[in-house]
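# Examining the three-dimensional arrangement
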Amino acid sequence: SYGISSEDWWTWDEIKQKGPDGNPNVWLIVNDRIYFFMYKVPRYKFELLLANKTLPESPIERGDYKWSNFTDGEPGSYFDTDCFWSDPDCGMNGNS
């Protein structure tokens, strides 16, 4: 979720090939939608962006817009179940 909304280096070709990875143990529900994160640090950054009401758009709006463009306006047309990450604490001690 943070990767799609806030990391500019992801292209559609990269997403189809390898990610961004998500960890089924690191997630957040906002307005009845579930968002997966690679590990806890991106979830924390996503939550900070959600709380910042001075931004011109929320990370959810930005992510929805990018994902819609990636999928030609059909965001439900692509679902990848082969990009899991398994270390929820990655990045917590200064290592990535």
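Keep in mind that what you see is a predicted model, and the values were worked out from it rather than measured.

About the cut-offs
Residue numbers restart at each chain and count upward from 1, following the sequence in its written direction. Totals for whole chains, interfaces and linings use every residue, but because this is a predicted model, local features are given only for residues with pLDDT of at least 70 and side-chain atom pairs only at 80 or more, for both listing and counting. Side-chain numbers here rest on the full set of heavy atoms in the structure, without hydrogens or water. Each helix is a run of H or I in the DSSP string that is no shorter than four residues. Each strand is a run of E no shorter than two, and both are numbered from the N terminus. Residue contacts are defined here by distance: any two heavy atoms, one from each residue, within 4.5 Å place the two residues in contact. For accessible areas, the Shrake-Rupley method is used with a probe of radius 1.4 Å. Any residue's cover is judged against the shown protein chains and nothing else. At least two DSSP bridges between two strands are required for those strands to pair. For a helix, the expected span equals 1.5 Å multiplied by the residue count minus one. Exposure classes here rest on a 1.4 Å probe applied to the protein chains alone. A residue is buried below 20% of its type maximum, exposed above 50%, and partly exposed in between. Note: the arc covers the axis-to-C-beta directions of the helix. Simply put, an axis is a line fit to the C-alpha atoms, just over the touching stretch for a helix, and the angle between two N-to-C directions goes from 0 to 180 degrees. Any angle that falls under 35 degrees is termed roughly parallel, while one over 145 is termed roughly antiparallel, one within 65 to 115 roughly perpendicular, and all others oblique.

Our next topic: the overall build of the protein. Counting secondary structure elements, the protein contains four helices and two strands. For the protein, the succession of helices and strands along the chain, N to C, is α-α-β-β-α-α. A separation threshold of at least 6 residues defines the contact pool for the protein, and within that pool the share at least 24 residues apart is 58%. About 6600 Å² of surface is accessible on the protein, with carbon and sulfur atoms providing 51% of the total.

Here strand E1 (residues 23-30) pairs with strand E2 (residues 33-37) via five bridges, running antiparallel. Looking at the pairing, Leu28 lines up with Tyr35 of E2. Between E1 and E2, which pair antiparallel one after the other, the connecting turn spans two residues, and Asn31 there sits at a positive phi close to 50°.

Right, let's talk about helix H4 (residues 59-70) for a bit. The terminal C-alpha atoms of H4, which comprises 12 residues, lie 16 Å apart, in line with the 16 Å expected from a rise of 1.5 Å per residue. Of all the residues in H4, the buried ones are Pro59, Ile60, Gly63, Lys66, Trp67 and Phe70. Relative to the axis of H4, the buried residues are bounded by an arc of 135° and lie together on one face. In this fold, the buried residues of H4 make contact with helix H1 (2-6), helix H2 (12-18), E1, E2 and helix H3 (40-51). Among the residues trailing H4, Asp72 stands out with phi positive, at a value near 55°.

The next point concerns the packing of H3 against H4. Geometrically, a packed helix pair is captured by the angle between its two axes and the distance between the axes. Their axes nearest at 8 Å, the elements H3 and H4 cross at an angle of 110°. With respect to H4, the element H3 is oriented roughly perpendicular. For the pair H3 and H4, the contacting residues are Phe46, Leu49 and Leu50 in the first and Pro59, Ile60 and Arg62 in the second.

Now for unusual backbone geometry. The phi dihedral of Asn31 is positive, around 50°, even though this residue is not glycine. If you trace the backbone, Asn31 turns up in the loop between E1 and E2. With a phi angle near 65°, Asp32 is a residue other than glycine that sits in the positive phi range. Locating Asp32 in the fold gives a position in the loop between E1 and E2.

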